[in-house]
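Coordinate inspection notes
Given next are the chains, with one letter for each unit.
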Amino acid sequence: MERGKIPSSGRGAKSKAPQHPQDIFALGSKSTVVVSRDNEKRNIHKPSTSGVERKRDASSFGSQPPSKRARIGSPAEAVGGTSLEVDPVDLVPNVLQALDTHNSDKLLGLLTGSIRLLKSQRSKPDPILCMGLLYLTKIRPNMFAHETVTQSLCTLLKREQGAAFKNKGNPLVFVLACNMLYAGHRESSNWPDIFIKVYIEDALNERCWVECSWCKCFVENVVTAFSTKQPPTHLIPTDNTLGTMSPSGSGSPLMGSTEEDSADNTDLEYSVFPRYSSSYEAVEALVLEAIKEQIQRRSAAPDAIGKGFLKLLSATCGFPEIRMISASRLEAWLHSGKLWRCAQELLAFVCCNCDACGPTAARDHEVLAQLARMRLKTKPLQAAYQACLREMVSDSPALLRSVVTHTIYNELSNVRSPNNMAVLAALIQAQPQLVPAAMADTYQELVLRPEDYLRPLRSLTREVVRAARADAQALLPLARALAMPPPHEPAVEVRERAFSSLADLFCCCCLVTASHSKHLPEYRQQVCVIQASALGWLLDTAMPIYRPSRHDYQHALNKIMFVEPAESYSKADNWPPESERAATYRLCCEAPLPQNTLLRVIFIGLSKDIPVSPAEVFELVEQLVRRACALPAEDNPLQVDKLDIADYIFQLCQFNPPDNITLPAGYSPPALAITGLYWRGWMLLTMLAAHNPQQFADRAAATYPTLRALIETCITNKPSIEWTSSSTAEAERAEAERAAILQLETHLAAASNAKLPVTEHSSRLISQLTTLEPLGPARKPPQAIIETLQAMSAQMRLSKLLCRQPAILLDLVERHGTRRAMPWLHNLLRQDLLELSVLPVQCLCEFLSAGGSGGEVGKAGELCAHLRRTVAESEGGARAVLHYYMQRLAHTHAPTRASANRGLKLVLSKASDDTGEMDYNTEVSPDEWLGLLWSLQHWECVREDVVVRVRAACLVECVPRHLAAYIDFLAQYVRATPLEDHTDLALDLSQVLMERSTVMNSVLGSGERVEQELGDLQRAQHKALHALTFILYTHLQKARAVGATPSENTFGERVMLQWPSGRSTTMHLILAHAYLKLLCCGPSIYDTNQEMYLYLQSVWVGNDAPQAFNVDSEEETALLPDWLRLHMVRSARPALLEAGMRALPAHKLALFIQTFGMPPTSMSALLSALDACPAGAVVRLGVERNYMSQLLRVQRARGATGGHAFAAALRLQPAAYPPDDSLFAEEEKPVEEDDEWGNVPVPLPLQHESVPLLLGTALAGTNAYLGDVDAAFTQLISLVAGSRSSGNPAYFQGVVLWLQQLAAGGGAPALLRNPTRAATLLRALLPLNNPQITEIAAALLQQCKLLSGPVVDMLRALSHSVVKRELHAPALPPTADKHQLIAALESATPSTLEAVGNRIIATQDTRVIVDVITHILEKNQDGHYESKIKDEDGNVGPVHVFSRLGLGCGLLLDWMSELQREDLGPSDQRQRQMRLMFMSGGAPWRPLLVTLLAHRASWRTLHHCLTTLLHTGDDCGWSASAVLDFAETLIESPRVWQGRDKTTPKHYVPDDTLRLTHQQLGMLVRYVCLEARHTEQSHGSEAARRRADTRVALLLRCARQQHQLLAVASAAQQHHPLLLLLLYMKVPKILPLLLQSGGRHRHYAPLACCAELCGAASRSTSATDRVSHSLLTAISAAPQHPHNKDLSQKVWRMEADMRGVWVRVSGAGGRALALAAALLRGATPPAARHHAHLLAAIEVLPDHELFATETLSEVHSILECFLSTARLQGGGAGCGVLHRVGALLRRYLALRPQPAAALLHAHRETIASTPALSSLQAGEVSAPASAAPPPHALLALQRRNDTPENLHWLLQEVEAWGTRRGGAWGGRRAAGALLRAAAPLAASPHAPLRTSALALLAKLLPAVPHTHPGLQAVLECLDSHQPEVTQSVLDKLPDLVVGMQEHAAKILMRVFELGMKSRHPVEPCIAKCVTTINLHRGC
């Protein structure tokens, strides 16, 4: 045995010890180490690696004498004496033994010895030695953290001095050493510096282990000392061949050589964190020393620099000195043939590690300067350099300014680099906003220098734009940045030159933009933006910074606005050249004049700090406006929408007294204006109104009467009628004006010491000043101004432009009225350039009906033909023309109605009629054109509107013939629409009949039926009467059939009419009176057989007359008032006369006989009625006897009879008085007898003699029994069942006798026809065990062959009952145990089971029986009784009675429900029975048990059961469906909720009866998810979605509170994302709850799930569907009244609601796109006004939702509708909407190019003819520059450090930008940024700023998903201590609440508290807010 010998070669493989596998350790007890041991043992502890302990002496392990002398030359020489030689096989046991004996010296010697041995075997290490060291590293890593061991291991990583250059050694030693060092120092945060040294040594040489991926755990921790940032992978060259040792292909040296291991070497688990935090300076010194040494060593031969050196520089770029060294030599290395890849990598590291804000900023700026001076020769190097710069400025924007500055300075120097322009272009593409701003800063620095840099800067600007290829987009932020103040105050000597240079740079930017972007339609907008920035610079910055003179300032202003000569723009560098100068200058002059630009120019003139006078600015403004008016109107060159601009223009014209003159105290000078400027200002406003007819003209004309008169002058080319109507008032105003001017001039003269008095003759100001009252009455300008205006209108076509606004023309027509001639209409029509389609239809109709054709028959005929085509071609045209004429039929002015009749006849007549020959003085009757309406092409569409207008005309028309024609037309309409409801029509005619008696008497006449004596007039009256009778007759039939007559009219009282026949209806009382009054008119001769009249008479009068009851109080109401009774009596018709006189008292009869015009027949009836009255009542009338005596004589002379008793009672003649003793005697009422049906009958006992009769009636149908059959049969069953116990067999014998007779007569089919009663009777006979019954059953069974059913089964059981009972009925003791009872029941057959069970129930204990039944049911559930034996034919054997196919379990369930009161039984049986009910895979009878449990158990039992099922412990295997069905039963079952109200209120909210905890709710959600998964496995995902959707109602019913809803949502998110989506669709507020509870994770997305689940959820209903559909429908159906402010506000609020819902609820907009498309397709041209609102809602949708596959067809259809509308309206109409449609098309083209291209191709003609869409012809996809909010405005608003006036102007700019962008406000991100920036300004003390901020908030809130900033702003304003701030938000609160209705309750509560604590009038605000919310609730 030579195990103790040390091998000479040091290799474990040649020892004679047995060779074990590599995964087995030899742990023998013998040691092969020869060492002298000391008696004293020392413990080894984990040495500290701190900086102090690292300097300790290595003798801490003790000083044992070494066995051999240590060699010299190793870094571990000091510890060589402690090394012990060891056999690799015995290393592990010896180390473990040293650990056990705490021998530190031995342990240290073993470890250092093994390391030395490993070093000697570097080329081929011993596997056993490696595995042993690895094992020790695994179990005791702290041993290798000792300084001595660490130094020994570092010797393995050093390069061998004697090794060959190409011999890199086996990588196993390096890998082993690195991993052992990492394991030992893994927990330490301060690593020794020797690691840095060995790293630098290897990195500079062969890089044996630095680039080894198996050593990365050690290497990555070492390189943390350099703090170097890793650049992105795309900046690193892709060639990876520079590494010296790659693990690929070599396998893992630890586990053998396999190729598969190379793929797993990156999955090592290790931690990386800073290891040299406290020794940064020492590490930096080591690195610099090594780097400088290498540079000095190889400075003589630069080509000797290797790739490893460059890689080391890359790794140590975290040090600024390294970056400086690298940057100074990079240019040479990049151009080196062998180093360029590593140099590119070094360049990336240098760029990514530069820092412009830290302590190394100064050094890094030098680095950037070195990089900027590099001259790269090849394009790949330039591209790499540009990519590195882009990455550097994107990661650290602070470096951007330095990079741009160095690049520009290098470009302007004499040694400029050729790639400067490319660098700037690349930077502009990377940072399109920041780079131009940095360039502007550099421009300002250069401009402020003493040298003149204007020419090179102009050249640089042109070259940058050319290199960037950005279509001059970069010049916009450059101009905005140039407008900012310079970094420091300029010197006095350079101010003038700097000012003019900056102004020239602005002009240069405009010229470059026009030159490079002239092919783009947006170039004009870009020029406008640059001009706006320049004007902002002139307004805010130029004057306080540069202090220019008046001449320089005016010259700069004129130059920026391009009113200077073209040569002045090219003086600096002769650019543009001569050939392009005029064209470029013209392009800049053709730029439009936006509103902001115009306002800024005006503000310059109004500013007192600017030396330019207002008059000079006014001249410039006039020149600019005139230039813009000369441009084509289709390009919208002059867009204005703010009325404030008029006030600003008049401020320019205002006269201000000199400042050096002091006026008297208490005197305020009047507001005066310079006359010439004042009237030129009005002409300016006229030009603005002409180019802005929709946005500005109508509002300005309504505000300024003088402007309205000037517009009228332009259109009519004549002085306005307003100037001629008030000559007296004008004279008074002129006199007051002269007096005010004279007084002012007197004070001025007195202040200037003038000696001459001021009079009208000597005054100088009277002719130059005028009163400044722009809002006052319309004033007539001087004649010269009128002539100038007319000439300007003709030159600039102002009249044609103003005619584009129909509202202006309509207002002009209305003001001229119908009595004034309007020749200007004729002039408009006579213009060749003005088409008829341009003018509104109303003007054409007015011209045609007025008869002002002026003798030109052709023009009138053309106009008439045009109107006929308009009516025939389109529904909208027909509706507009007919609406104009038909509404004038109800005008109170008779000539207006006549002209409407005339116009309708002309329009509706055929084209062949001669229009020109018509006499306009001839009256036209409606019957001439009413008949033509029925043949209109669009009659069905306009019919209802026409009928409404005809009904209105009936209420006004006074000509009987016209009114009769209207009634006849309405009768035809009723006859043509029998299915429509004509209640409103009947009400209107009732009102005409009741209130317009005079004209209706002429229309209807008396109704006499003498046909041969009737003339034309009488026949017309009968015809009208027949038409009116038919209308009311038809309505009454429908009303009586339906029972109610709903109507939109709310006037008058409504009554409920009840007829004696039982019919009832509800109608207005005026309508009922109209029926009775119509009856008074009599029948018409056209009423065949008086059918309609007799029907109405039978309904309203006679014995079948109805009773009237008040609808509200349900009290009886008088249907016949006195005035109606008088009409009925006067009609003299018998039925009406009788009804009218019924129950009339004597005083009313006496009053009736005194009325005039009473027919003799009626008078005779009245006198007869008075004769019948009691004499006492007649005497008490108190009438004048002489008058009454004369009246009676006159009536008798007329032929009246009667009245004798009446005369006698009044003693007008002798009469016999009746006795008075019994006149008032009370009559005795008869005694009422008791009702024999009033008491409840007492059932009589059944007699046994009646049994055959009862059975015959109940079963055979003989009807012999006269009593209650059901009650008697039930009593018979109970008597038969109890006959054995009671001892009374009479009833049993009666049943037997009847059954015998039935069997003898073959009556078995009678039993089968009544199976319910027959089976019950036979089941009651079964337990009696009577042989007679058995025989009878056998006989009946013979008659029922081949039949089945319950009766046959009972007969079969009765026929075998005796035998089987005798054979199979087991004998049981009275106290049988559980097993005996189970055996008895299992041995029973289906026929004997019931008898056995009944005997057991009667004799055994109930608890035992319940236990037995439970046990049998458990066995049935487990399948114990199922037969598994099959016969030879494959059929299953006999079925057990308790099997699934047997019928025994039903009886067991019945017995269990009878035996136990609680369905769960006693407490010891509850768990078992619950498993029967709710266990998964239960039997089919399980639902019956669950139903019985829910219906019969107590609440305590139900609560226990539900608590057990929802327990969150271990899974008990409950069935999810059963548990959920049980929970739904507890909530919804009517049996459970007996005693509650059956009819719940409309807004009743159900209570949370289950009151589940959060854990129970989580279990309920888990059950829903389990059920959905099971359904998905068996029936697919759609079935799972439907199943989960049905369970959502249960979850929401159980989660009423907010915290419960959050618990349900959290559980759904955890278990099933589909359920969370369904919950979110039903209750959208779940998402905010989850986001609030989701912690601080920024990317927390609770609704993130796959597209398949989202698609499945989209097929379910959502809570937002009804809201979206209601809002869409309401917007589309809103009336078309453009001048109705309230209606416009209401529509806007509905649009805001819809945008808010679509933005804040994911998927809500996509679901409603189909309806939006349908509404757009069905919209008529008048309804197209609301297209903008629908477009605003569509714009807020994100691209992934708007252009999804599911909604693609709807979006395509929507875009087609918009394009079709654009084609119909023409290219110029609705330009703002079309621009937004163009933006939507660009989004469509970008995301869905193929369908979008097809759409554009289909509408290519429309797109080509529409300027707003013409850019789409080239397939443009990029968004315009205005797609994002103005960056300078947004940045300034975010900083909020500017003045309030500037912030106010910025808010207006943002608001104007957002109005152009539509409802999206640039997208959710942009809208959110604007909201956050503008919200704090709502509480500003500056009133205009605060008002603008609140207005902007109201528009932004519907477009943002999160309204929290808006809520905070509102609450801050409400809490403000400044009352004006609080009042501002109270005034704006209704509009603000619309955008954040989710916070409405909180805001209104705060407002209410504010009203309680302060004096603010909050009641109107709360009322308006509540009204707004309620309006939107019903949409």
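Cut-offs used in this document
Residues numbered from 1 in each chain as written. Predicted model: local features only at pLDDT ≥ 70, side-chain atom pairs only at ≥ 80, totals over all residues. Heavy atoms only, no water. Pairing = 2+ DSSP bridges. Helix = DSSP H or I, 4+ residues; strand = E, 2+ residues; numbered from the N terminus. Salt bridge = Lys/Arg side-chain N within 4 Å of Asp/Glu carboxyl O. Buried < 20%, exposed > 50% of the residue type's maximum accessible area, 1.4 Å probe, protein only. Phe/Tyr/Trp six-rings, centres within 6.5 Å; stacked < 30°, edge-to-face > 60°. Lys NZ or Arg CZ within 6 Å of the ring centre and 35° of its normal. Patch = residues over 30% accessible without salt bridge, like charges linked within 9 Å, V, L, I, M, F, W, Y side chains within 5 Å. Areas by Shrake-Rupley, 256 points an atom, 1.4 Å probe, with all protein chains shown as cover. Core = buried A, V, L, I, M, F, W, Y, C linked by side-chain atoms within 4.5 Å.

Before going further, it helps to examine the sheet that holds strand β4 (residues 1064–1068). Consider a sheet: its strands pair through backbone hydrogen bonds, and that pairing is either parallel or antiparallel. What the four strands build is an open sheet, ordered β4-β3-β5-β6; its pairing is antiparallel. Looking at strand neighbours, the two that pair on one side only are β4 and β6 (1116–1117), the edges of this open sheet. Inspection of the sheet shows strand β3 (residues 1054–1058) paired to strand β5 (residues 1107–1110) by four bridges, in the antiparallel sense. Paired with L1057 across the bridge in β5 is A1108.

Right, let's get into the pattern of salt bridges. Tallying each qualifying case throughout the model produces 45 salt bridges. Note that E622 and R680 form a salt bridge whose closest N and O atoms lie 2.3 Å from each other. Taken together, the residues E622 in helix α24 (residues 614–629) and R680 in helix α26 (residues 675–691) connect sequence positions 58 residues apart. Among the residues examined, E622 registers a relative accessible area of 9% and is labelled buried. Taking the shortest distance from any N to any O, the salt bridge between E1855 and K1899 comes out at 2.7 Å. Taken together, the residues E1855 in helix α86 (residues 1844–1861) and K1899 in helix α88 (residues 1887–1900) connect sequence positions 44 residues apart. Here the residues in one salt-bridge network are R458, R462, D504, K559 and D573, joined through shared partners.

This next bit is on the packing of aromatic side chains. Aromatic ring pairs: the centre-centre distance and the angle between the two ring planes describe each pair. Enumeration over the complete set of coordinates arrives at 31 aromatic pairs. Ring plane angle 25° and centroid distance 5.3 Å describe the contact between F499 and W537, whose orientation is recorded as stacked. Highlighted residues: F499 in helix α19 (residues 495–516) and W537 in helix α20 (residues 523–546), separated in sequence by 38 residues. Ring-pair connections join several aromatic residues into one group, and the members of that group are W191, F195, Y199, W209, F218, F226, Y280 and F319. If you follow R275 out to its NZ or CZ, it ends over the ring of F273, 3.7 Å from the centre. Directly above the ring of F1030 sits R975, whose terminal nitrogen or CZ lies 4.3 Å from the centroid.

On the surface, M1949, F1952 and M1956 cluster together into a nonpolar patch covering about 350 Å² of accessible area. Within the secondary structure, M1949 is located in helix α91 (residues 1944–1957).

What follows deals with the environment of Q651. Within the secondary structure, Q651 sits in helix α25 (residues 644–653). Along the chain, Q651 and G605 lie 46 residues apart, while their C-alpha atoms are 9.2 Å from each other.

Y199, W209, F218, L371, W537 and L538 are the most contacted members of the largest nonpolar core, which totals 236 residues. It is α19 that provides the largest number of residues to this core, a total of 13 residues. L904, L906, L1096 and V1101 belong to the second-largest nonpolar core, a separate cluster that totals 89 residues.

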